Amino acid sequence: MRPLVSRSKFFRALAWIVPGGALLGVSVVLAVMAFPAAASPTHNRGHKGDGVTVSKAPYGTLADGTAIDQYTLANQHGMTVKIITYGGIVTEIDTPDRHGKIANVALGFDNLADYVAKSPYFGAIIGRYANRIAKGTFTLDGTTYHLPINNGVNSLHGGIMGFDKHVWSATVVPDGLKLSYTSVDGEEGYPGTMKVDVTYTLTSKNALRIDYHATTDKATIINLTNHTYFNLAGEGSGDVFDQVLWLKAHNYTPVDATLIPTGVIAPVAGTPFDFTKPTAIGLRIREADPQIVIAQGYDHNFVIDRPAGDSSLILISKAFDPASGRVLKTWTTEPGVQLYTGNFLDGTLVGPSHHTYRQGDAFTLETQHYPDSPNEPAFPSTVLRPSQTFTSTTVYAFSADGHK
Ligand code: GLA
């Protein structure tokens, strides 16, 4: 579907924004390591002390007896990422502030039961179709397909049993983890048996890279993302309204009352959706703009500034927490990104810090194709055919302002 972005091209590009970034490439030349015994870390060797370790520990059992594991990716620079095999969920991202103080910047739970019972997609792999498809209906090659309606009148995030609710098989790879899942023909109403790999890798420079790869045996649609809720001051620390966001997007896709795009590509200029200059997330979040009112905050797809059809890996966002100095730069090959400010968080969910989560306590940057693309011929296509391979890459790169 899209050309794979070569790692050398990626690291050349990253070197452009990260001082000393040329070193970022060193971790990728490592040989694949055999997986160690439970909970004992694997040190990937072969370069100058920047090895990323991958370790595994039990994370509980589903009602049907399936054992779930948690993998911990850790580098030598204070960053740790934890991922469970249930939903491929990123349960924790620990990263230093400008003083080297570590905090978990990803909302989540401290136990499997809560993820199964009540997670609003915290940290999960989303598929087969990230975001909404109007009335759960689309037509492809003359056949109309019906998907489960699980969000008002629409189908959201792959349906009732989306990719976020399946158990993925895990393989340790250099500096990370490859998760695999086969979605059978007709699952959640989608045509074609789809084989999906999602690879999480941690770099020695505090970037979490996510590579998606999928194939199908029948024409189908696909839109994959990761649904991490970020709070750069740490999960459970309150709202993100003072955190500053820049988005490489001069346009967005306004929605109807059910959060389905109207089909219009609208300029952000002069609206609360203008993040083309770094702006505090909360500055305009209570303005009486009709789009803000519909979503009770931000829950919109931004159209990334890039030439039509371009799928190179580019920097699309920078988020900054002035209090801690933490910075999150996002890179993607995708044409869109969903900015969601946790508008449905209502104080009933409790995170690992034993604090409740409320509206505005996080932001997501769900890199994606636009919502409801199968019903909008003018939007970039989300069709995947048996002759094609779907690939997509997103990088969440953390740093700290002023950190030595
Ligand atoms: C996406 C959607 C939101 C909401 C969240 C999960 O961001 O656009 O409306 O469904 O996922 O709660």
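Here the structure is shown first, and the text comes after it.
Computed from a prediction, not measured in an experiment: that's the story for all the values here.

Undergrad: Explain the sheet that holds strand S21 (residues 279-280) residue by residue, including any values.
TA: Read from one edge of the open sheet, nine strands run S12-S13-S14-S15-S30-S24-S23-S18-S21, paired in antiparallel fashion. Unpaired on one side and paired on the other, strand S12 (169-173) and S21 mark the two borders of the sheet. Note: strand S24 (residues 326-332) against strand S30 (residues 390-400), seven bridges, orientation antiparallel. By the bridge assignment for S30, Arg326 is matched with Ala400.

Undergrad: Summarise the site of the ligand; cite the residues concerned and give the values.
TA: Lining the immediate environment of the ligand, one finds Pro120, Tyr121, Asn131, Leu156, Leu259, Asp299, Gln338, Tyr340, Phe344, Thr364 and Glu366. Looking at the shell around the ligand, the elements that each hand over two or more residues are strand S25 (336-340) and strand S28 (364-368).

Undergrad: Please give an account of the nonpolar core that cites residues and values.
TA: Core analysis: the biggest nonpolar cluster contains 94 residues, and Val81, Leu177 and Phe230 have the highest contact counts within it. No other element matches the six residues that S30 contributes to this core. Not counting residues up to four positions away in its chain, the partners in contact with Phe230 are Val105, Ala106, Ala319, Leu328, Ala362, Phe363 and Thr364.

Undergrad: Can you break down the pairing of strand S26 (residues 346-350) residue by residue, with the values?
TA: Note that S26 and strand S27 (residues 356-358) share three bridges and pair antiparallel. Bridged to Val350 within S27 is Thr356. Here S26 hands over to S27 after five residues, with His354 in that stretch at a positive phi of 65 degrees.

Undergrad: Account for unusual backbone geometry, with residues named and values stated.
TA: With an omega dihedral of 0 degrees, the bond running from Gly127 to Arg128 counts as a cis peptide bond. Mapped onto the secondary structure, Arg128 falls in the loop between strand S7 (125-126) and strand S8 (132-133). The phi dihedral of Asp141 falls on the positive side, at around 50 degrees, and the residue is not glycine. Position of Asp141 among the secondary structure elements: in the loop between strand S9 (137-140) and strand S10 (143-146).

Undergrad: Explain the sheet that holds S25 residue by residue, including any values.
TA: On the basis of which strands lie adjacent, the open sheet formed by five strands has the order S20-S19-S22-S25-S28 and antiparallel pairing. The sheet is open, and its two edges are formed by strand S20 (266-267) and S28, each paired on a single side. Bridge analysis of strand S19 (residues 251-253) against strand S22 (residues 299-303) gives three bridges, and the strand direction is antiparallel. Bridge pairing links Asn251 to Val303 in S22.

Undergrad: Outline the pairing of S22, supporting the account with residue identities and numerical values.
TA: In terms of burial, S22 is a largely internal element, five of the five residues being buried. Of the two faces of S22, the one holding Asp299, Asn301 and Val303 and the one holding His300 and Phe302 are both buried throughout. By the bridge criterion, five bridges tie S22 to S25 in an arrangement that is antiparallel. Note on S25: the bridge partner recorded for Asp299 is Tyr340.

Rules used in this analysis
- Residues numbered from 1 in each chain as written.
- Predicted model: local features only at pLDDT ≥ 70, side-chain atom pairs only at ≥ 80, totals over all residues.
- Pairing = 2+ DSSP bridges.
- Helix = DSSP H or I, 4+ residues; strand = E, 2+ residues; numbered from the N terminus.
- Near = placed C-beta within 6 Å.
- Core = buried A, V, L, I, M, F, W, Y, C linked by C-beta atoms within 7 Å.
- Buried ≥ 20, exposed ≤ 12 C-beta atoms within 10 Å, placed from the backbone.
- Contact = placed C-beta atoms within 7 Å.

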